[in-house]
Amino acid sequence: MPMLDVYGISLYYTVKGVGVPIIFIHPPLLTSANFMYQLEELSQTCKVITFDMRGHGRSQYSNQAITYPLIVEDIRHLLDHLGVKKAFICGYSTGGSILLEFLLTYPDRALGGIVVSGLSEVKDKYLTRRISLAIKLANARTLSVLALSVSWSNSNSRESFRKILKEALKGEARNIEQYYRYCLQFNCTNQLQKIDHPILLVFGAKDKSFHYYANLLHEKLPRNELMFIRNEKHQIPTKAAAELNRMINQFIQKHDQVGNSIKTR
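What counts, and where the lines are drawn
Residues numbered from 1 in each chain as written. Predicted model: local features only at pLDDT ≥ 70, side-chain atom pairs only at ≥ 80, totals over all residues. Heavy atoms only, no water. Phe/Tyr/Trp six-rings, centres within 6.5 Å; stacked < 30°, edge-to-face > 60°. Buried < 20%, exposed > 50% of the residue type's maximum accessible area, 1.4 Å probe, protein only. Axes fitted to C-alpha atoms, helices over the stretch in contact; angles between N-to-C directions. Helix = DSSP H or I, 4+ residues; strand = E, 2+ residues; numbered from the N terminus. Parallel < 35°, antiparallel > 145°, perpendicular 65-115°, else oblique. Left-handed = near helix turned anticlockwise from the far one by under 90°. Contact = heavy atoms within 4.5 Å. Nonpolar A, V, L, I, M, F, W, Y, C, P; charged D, E, K, R; others polar. Polar contact = N/O pair within 3.5 Å; in protein donor to acceptor, adjacent residues only side chain to side chain.

Engineer: Kindly report on the packing of aromatic side chains, identifying the contributing residues and their values.
Structural biologist: With the rule as written, the count across this model stands at nine aromatic pairs. When the ring of Phe-102 is compared with that of Tyr-106, the centres are 5.9 Å apart and the planes differ by 50°; the resulting orientation is tilted. On the basis of relative accessible area, Phe-102 is assigned to the buried category, the value being 0%. Here a set of aromatic residues connected by ring pairs shows up, and it is made of Tyr-68, Tyr-179, Tyr-182 and Phe-186.

This is how it looks when you write it as structure tokens:
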């Protein structure tokens, strides 16, 4: 089991395939298992890198509170460890926020970004209430209930449900709660114009509550393509894997040099 030591914290990661590197970032409670279909299919043409955040899945509990800047540093260490100078960065849901933070912090380490059902800030009351509820449930007593709900909603089969749930239950409640809590305070919307990388924005056509964030990112990011997947909601990596993987492959082929081509609004 590949592990990376980052200042005394063991982080679990996987690498599969050769070619242009792409690293995936998961949301709270979920783990790298959520990208099982990307790892399997995209590794046929790319070097796919996945990892479990501190206190999630197979990675070690962190005494240091989970913040986006901390995870960005962990990603940089992982890229250094693997000898990857530049990679495409893909973030799912709140993992998309970490992707944006990474591009703002280490722009020279990225070839481009893929935001899947992501956001630059939590703005609406509906999402705020959902995250606030997750914060309350992210404790040792009720974490299993939260894990069941989140794993089920992100599964497209009983097999994937069992795999996602098994890994989610390995997480540490305190670190998971910290990740959820940081989601509510993060806001990089006013800095989006500084991101000069090509960005692919992928959202579900039925994920109505996130269309505000899709349009906000499309408006503020200088170089982006906005794509909606028909008949899909939020859980795109598992429930629309084939379509997402096709979009990612096309995007990487288009920008795999230095991101020279530009597609604006």
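Engineer: Give me the lowdown on the packing of helix α4 (residues 125–137) against helix α7 (residues 173–185), citing residues and values where you can.
Structural biologist: Each pair of packed helices gets described by two things: the angle between the helix axes and the distance between those axes. Where α4 contacts α7, the two axes come as close as 9 Å, and the packing angle between them is 155°. The angle between the axes of α4 and α7 places the two elements in the roughly antiparallel class. The two elements α4 and α7 meet at a crossing, and its hand is left-handed. Contacts between α4 and α7 pair Thr-128, Ile-131, Ser-132, Ala-134 and Ile-135 from the former with Glu-177, Tyr-180, Arg-181, Cys-183 and Leu-184 from the latter. Among the residues making up the contact of α4 with α7, the classes are represented as six nonpolar, two polar and two charged.

Engineer: Please set out the side chain of Ser-117 residue by residue, giving values where relevant.
Structural biologist: Turning to its location among the elements, Ser-117 is positioned in the loop between β6 (110–116) and α4. For Ser-117, a relative accessible area of 0% corresponds to the buried category. Polar contacts involving the side chain of Ser-117 include one to the main-chain carbonyl oxygen of His-234, which spans 2.9 Å. Filtering out sequence-adjacent residues up to four positions away, Ser-117 remains in contact with Tyr-92, Ser-93, Val-202, Phe-203, Asp-207, Phe-210, His-234 and Ile-236.

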